[in-house]
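Coordinate inspection notes
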Amino acid sequence: MELFEVFWETKSFFVTATWLTIRVTATSLIIGVFIGLIFAFFKISSSRLLNGIANVYITIIRGTPLIVQIFVLYYGIYKLVALSGFWAGALGLAIHNGAYITEIFRGTIQSIDKGQMEAARSLGMSYFLAMRRIILPQAFKRAIPPLGNQFIIGLKDSSLVAYIGMNEIWGTALSEAAASLKMLSTYAVAGFYYLVIVMIFSYLVSRLEKRLDVEKSRG
Amino acid sequence: MIEVQKLNKYFGELHVLKDVDFNVNEREVVVLIGASGSGKSTLLRCLNFLEMKDSGSIYINGELIEPDQVNLNKIRENVGMVFQHFNLFPHMNVLENVIEAPVHVKKIDKNEAIKQAKDLLQKVGLEDKAEAYPSHLSGGQKQRVAIARALAMKPDIMLFDEPTSALDPELVGEVLQAMKNLAREGMTMVVVTHEMGFAREMADKVVVMDQGRIIEEGDPEHIFSNPQNPRTQQFLSQVL
């Protein structure tokens, strides 16, 4: 059967490509979480300037296609610093995911009962100490399911960096299909690799959720 | 110890505290009573600056406290607060709740903090719950942990904001008992409550609020047996 033939013939390319997909996705998500955390603080801050900066960022990112963002970043930054395809891709994805992660953190931070901050402040904690010790640990826990979801979206969206020349899973699929002309089978095989990563990742997230659930979430 | 002069507070258009003058002396138990919405919780929350006054003066230990000129965190370290809804930290066990502020705010040695926390838990009758998480405690137990947590900072004064209002009736007694023990040790306390029995038994001074004003204050005997203000009479006839 052609599908298995293609799978067998291409597997060394796709294993390398899968590793690249995982690396570019992980890099972008780690940076994206930092961006998300910073802009979530901008959004809940009482400063209008910081609110405004966060809102402009989120509006632009949510309002334009990811492929446009990647191209603009790649061809824009290219003129200023020579950024490798990997870093252009990872940064593009990070800035994109960061906007969605901002909203996830903002939502979960604001979902923590006001009494938690009041109790912390009444004990003499500063705002930042209360955030770090009391609010964020609870908010992070609530953020795990939506973050897991965003990570899966981020992983699949990473396929778009193929168009700035990266040979990750989708980039490999495009070149292999062009070479062998076995379009359907090659693209299906590429989909299989994404599916396997997503399934493994989903399993890990659900394990993490269950482990954290042992200590119940409400006081 | 605390002196409040001409305190005014607005929530938007709503004038919730109107020219309130209010005193608490050292080792005194002051009980604030009054109908819902009379401003007693707001007054209490102004005392540790969880609510900011709009005008008036607040003196603590003789010192005028202007929120924008002093470190409020330092002030709050010495003013313990117990909330209606406990507000324990759900991601920490009982012991961790109690040592959190001593260790991370006062920076005292962790082992020393644990030792003190265990003494405090014993005092409120919960030494066997040190490892439990708040979600596994009854309301009465949670509130006693909250009292221990506030006491762990060794405050000069304790504020109680309706500490028994969210409890099932059979659990009220254990929390009141812990408060009575504290009062007998000489802790300065300001208590907002609907527990008239507690007010009558423990208060040195009862303050009656109505529509943002203090309408009457005095010793409990005077307030409960011989109230002067018709609104006090009306309120007491409804709750007693």
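Please refer to the structure placed before this passage.
Anyway, here's the lowdown on the structure attached to this text. Treat the numbers as computed from the prediction; the structure is a model and nothing was measured.

Scoring rules and cut-offs
- Residues numbered from 1 in each chain as written.
- Chains lettered and ligands numbered in written order.
- Predicted model: local features only at pLDDT ≥ 70, side-chain atom pairs only at ≥ 80, totals over all residues.
- Heavy atoms only, no water.
- Helix = DSSP H or I, 4+ residues; strand = E, 2+ residues; numbered from the N terminus.
- Buried < 20%, exposed > 50% of the residue type's maximum accessible area, 1.4 Å probe, protein only.
- Contact = heavy atoms within 4.5 Å.
- Salt bridge = Lys/Arg side-chain N within 4 Å of Asp/Glu carboxyl O.
- Phe/Tyr/Trp six-rings, centres within 6.5 Å; stacked < 30°, edge-to-face > 60°.
- Lys NZ or Arg CZ within 6 Å of the ring centre and 35° of its normal.
- Pairing = 2+ DSSP bridges.
- Axes fitted to C-alpha atoms, helices over the stretch in contact; angles between N-to-C directions.

All names here are of chain A. For Gln150, the position within the fold is in helix 6 (residues 127–157). Overall, Gln150 belongs to the buried group, its relative accessible area being 7%. With 35 residues separating them in the primary sequence, Gln150 and Gly115 have C-alpha atoms 29 Å apart. Residues contacting Gln150, with those up to four places away along its chain left out, are Asn97, Tyr100, Ile101 and Ile104.

Residue and element names in this part refer to chain B. Counted according to the given criterion, the structure contains 16 salt bridges over all chains. One salt bridge in this structure joins Glu174 and Arg144, with 2.8 Å as the shortest N-O distance. Here the residue Glu174 occupies a position in helix 6 (residues 169–184), and Arg144 occupies one in helix 5 (residues 139–151), the gap between them amounting to 30 residues. When its relative accessible area of 26% is taken as the criterion, Glu174 is described as partly exposed. Overall, Arg144 belongs to the buried group, its relative accessible area being 12%. Its salt-bridge partner being Arg231, residue Asp210 comes within 3.2 Å of it at the nearest N-O pair. One end of the pair, Asp210, is in strand 9 (residues 205–210); the other, Arg231, is in helix 9 (residues 230–239), and 21 residues separate them in sequence.

Another point: the packing of aromatic side chains. What the rule picks out here adds up to 13 aromatic pairs over all chains. Where A:Phe14 meets A:Tyr193, the ring centres are 5.1 Å apart and the plane angle is 20 degrees; that geometry is what we call stacked. Residue A:Phe14 is located in helix 1 (residues 2–44), and its partner A:Tyr193 is located in helix 8 (residues 183–213); the two are separated by 179 residues in the primary sequence. Residue class for A:Phe14 comes out buried when judged on its relative accessible area of 0%. Given the relative accessible area of 9%, A:Tyr193 is considered buried. An aromatic cluster is present here, built from A:Phe7, A:Phe14, A:Phe192 and A:Tyr193 joined pairwise through their rings. Note that A:Lys11 overlies the ring of A:Trp8, its terminal NZ or CZ placed 4.0 Å from the centroid. Just above the ring of B:Phe89 sits the side chain of B:Arg149; from NZ or CZ to the centre is 4.4 Å.

So, about the sheet that holds strand 6 (residues 79–82) of chain B. All names here are of chain B. One open sheet holds the six strands; their spatial order is 6-7-8-3-9-10, and the pairing between them is mixed. Where the open sheet ends on each side, the last strands, each with one partner, are strand 6 and strand 10 (213–218). Neighbouring strand axes in the sheet, compared pairwise and without regard to direction, differ in orientation by 20 degrees on average. As judged from the five bridges shared by strand 9 and strand 10, these two strands associate in the antiparallel manner. Within the sheet, the bridge partner assigned to Met209 lies in strand 10 and is Ile214. Contacting strand 3 (29–34), strand 6, strand 7 (157–161), strand 8 (188–192) and strand 9, helix 1 (residues 40–47) crosses the sheet at an angle of about 150 degrees to strand 7. Across the face of the sheet, helix 6 comes into contact with strand 3, strand 7 and strand 8 while running at roughly 150 degrees to strand 8.

Residues and elements named next belong to chain B. Burial along strand 6 is two-sided: the face carrying Val79 and Met81 and the face carrying Gly80 and Val82 are both buried. For strand 6 and strand 7, the ladder comprises four bridges, and the chain directions are parallel. From the neighbouring strand, Val82 faces strand 7, where its bridge partner is Phe160.

In any sheet, the strands associate via hydrogen bonds between backbone groups, in a parallel or an antiparallel arrangement. All names here are of chain B. The strand order across the open sheet built from four strands is 2-1-4-5, with neighbouring strands paired in antiparallel fashion. For this open sheet the edge positions go to strand 2 (14–24) and strand 5 (63–64), each flanked by a neighbour on one side alone. Where strand 1 (residues 2–11) lies against strand 2, seven bridges are found, and the strand directions are antiparallel. Bridge pairing in strand 2 links Phe11 to Leu14. Across the sheet, helix 1 touches strand 1, strand 2 and strand 4 (55–60), and the angle it forms with strand 2 is around 60 degrees.

Bear in mind that shape data such as this cannot, by itself, settle questions of function.
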